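The lines below spell out each chain.
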Amino acid sequence: MTNKEASKSLPVVVTIIAAVMLTIVPLPSWADSFRPDWIVLTLIFWAMMLPRTWSIGWAWIIGIFIDVAQGTLLGQHALALCFVIFITVRFHLLMRVFPMSQLTATVFALLAMYQFVLFWINGVAGFGAPTITYWGPVISGTLLWPIVFSFLSGLRFRLRSRA
Amino acid sequence: MVATRANSSSTARIPALGLRVLILIFLSILLMVLDHRQNHLQSVRKAIGIAVYPVQIVVDAPFRLWAWARESLTSRNELHLEVSRLQAERLLLSARLQRLTALEAENARLRNLLEARAIVRDEVRVAEIMAVDTNPYGHNLVIDVGERDGAYNGQAIVDADGVVGQITETGYLTSQAMFITHPSHALPVEVNRNGLRTIAKGTGAFDRLDLPFLPNNADVRAGDLLVTSGLGGAFPAGYPVAVITSVNRIPQEPFADVTATPSAAVDQVREVMLIFTGENPAAAPVRDDD
């Protein structure tokens, strides 16, 4: 039983670690402002598909890891991720039946919410920055969502059919 | 309970989701307040930092591999060219160094005459940048030198051309640092030409520093070199910081609008140097009269 559980959560763990890597890999500064929030995209997918195992608790823990890796305020990304994943889990049944265009629009809203929480906390803590810079990741993340979605669901079905 | 059915069916509702999210949000806010107001969470950060370290190593590996491959695959001809270039450079530098040694000796003699404290030579250690904050206005970085190697809070970081930033938080194996271009970073500098002291503030853009406290009649020009004055205590004196790019004197304003470009290629460096001054400046008394 535990073995089966482990093999089921392995792809999730691997994709999340890959997303963490993509998040902290250094990029040239022009590309940096358009770096998509890989972790948010990955977690939205898994929270939508497996909301009982990959829910807000894990989102919070991963958020704390990002905070430490990037040196932001401890709890900032944790709070933002937790909030976004809460909404995803709450509406996961609805989101599963959405057509791609509607789902992408939802992901856009979720990413914007994520950046807004980060922006808000930065503002309260006194690290103000122009609002325009927060839109880069939202736009690139939304554009990449269909690719991320089809990649992850392809991975999921392949592994499931093999098991 | 959680593992009963991993794939929830149509009627499934996640139990106590609202309660859990409230608890986690409360916990995050508590953590952020503790982290921001007091520095109680240093040890927590350090513990998690050790767990993050392997991921950072793996991310960094391809870059190291690429650098290594490029080094080992360069052709003999290129190596030959590089050796001759380096030899020429070394000759030039050693010629300059000779003059410097003479000047240093003279300086020490004069200082002795003035009974001033002898300047301690700074020790340096090379560090590599492992990650840069993804927030474009964050201007923070992570380097691969930590407490194990003797790094301390407030330690100055330079590259070959000038000051890059300073350490804000040390971990065991890695440290967090702040670029001089961070919007909340200010650095005491002086104009190399005439010794005029002022403060250089970060702007959030990698190629610009602001000098907001220079009066309209201050003797500054575009092209002036700014060096660290050593007055804040964190940075040793005499390292180049920036070159003034524009001086805009607005008659009705009390201060001139002066901007400068950092000498160090702040957004391009991979390797930096940590400066170990003779004494730990964090322990030095703060002087209020500057």
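Bear in mind that the values here come from a model prediction, so they are computed numbers and not experimental data.

Once that is clear, we can look at the overall build of chain B. A tally of regular secondary structure across chain B gives three helices and twelve strands. In chain B, which comprises 290 residues, the proportion classed as buried is 28%. Considering only contacts in chain B between residues 6 or more positions apart, those separated by 24 or more positions represent 57%.

Here helix α5 (residues 76-90) of chain A crosses helix α1 (residues 17-37) of chain B at 165°, and the two axes come no closer than 8 Å. Relative to α1(B), the element α5(A) is oriented roughly antiparallel. The hand of the α5(A)/α1(B) crossing is left-handed. In this structure, α5(A) uses A:Q76, A:A78, A:L79, A:C82, A:F86, A:V89 and A:R90 to contact α1(B), whose residues at the interface are B:L17, B:V21, B:L24, B:I25, B:S28, B:I29 and B:M32. Considering only residue class, the contact of α5(A) with α1(B) consists of eleven nonpolar, two polar and one charged.

This part takes up the environment of B:V269. Residue and element names in this part refer to chain B. Within the element layout of this structure, V269 appears in the loop between β11 (257-262) and β12 (271-276). For the pair V269 and E128, spaced 141 residues apart in the sequence, the C-alpha separation amounts to 8.9 Å. Not counting the four nearest positions on each side in its chain, V269 is found in contact with I129, D159, V164 and A264.

What follows covers the sheet that holds strand β1 (residues 123-132) of chain B. Residue and element names in this part refer to chain B. Judged by pairing direction, the barrel is antiparallel, and its six strands sit side by side in the order β1-β2-β5-β4-β3-β12 before closing back on the first. Sheet twist, expressed as the average angle between the axes of neighbouring strands with direction ignored, equals 45°. Both strand β2 (residues 140-143) and strand β5 (residues 175-179) contribute to a ladder of four bridges, which runs antiparallel. Pairing of L141 across the sheet is with A177, part of β5.

On to the sheet that holds strand β6 (residues 186-191) of chain B. Reading around the circumference, β6-β7-β8-β11-β10-β9 (chain B) is the order of the six strands in this closed barrel, with antiparallel pairing throughout. Looking at each pair of strands side by side, their axes are set apart by 40° on average, direction ignored.

Let us now look at the environment of B:F179. Residue and element names in this part refer to chain B. For F179, the location among the structural elements is in strand β5. By the C-beta count within 10 Å, which is 25 here, F179 ends up buried. Spatially, the C-alpha atom of F179 lies 8.2 Å from that of G202, the residues being 23 residues apart in sequence. Leaving out residues up to four positions away in the same chain, F179 has contacts with H139, L141, V164, G165, G202 and V266.

Rules and cut-offs
- Residues numbered from 1 in each chain as written.
- Chains lettered and ligands numbered in written order.
- Predicted model: local features only at pLDDT ≥ 70, side-chain atom pairs only at ≥ 80, totals over all residues.
- Helix = DSSP H or I, 4+ residues; strand = E, 2+ residues; numbered from the N terminus.
- Buried ≥ 20, exposed ≤ 12 C-beta atoms within 10 Å, placed from the backbone.
- Contact = placed C-beta atoms within 7 Å.
- Axes fitted to C-alpha atoms, helices over the stretch in contact; angles between N-to-C directions.
- Parallel < 35°, antiparallel > 145°, perpendicular 65-115°, else oblique.
- Left-handed = near helix turned anticlockwise from the far one by under 90°.
- Nonpolar A, V, L, I, M, F, W, Y, C, P; charged D, E, K, R; others polar.
- Pairing = 2+ DSSP bridges.

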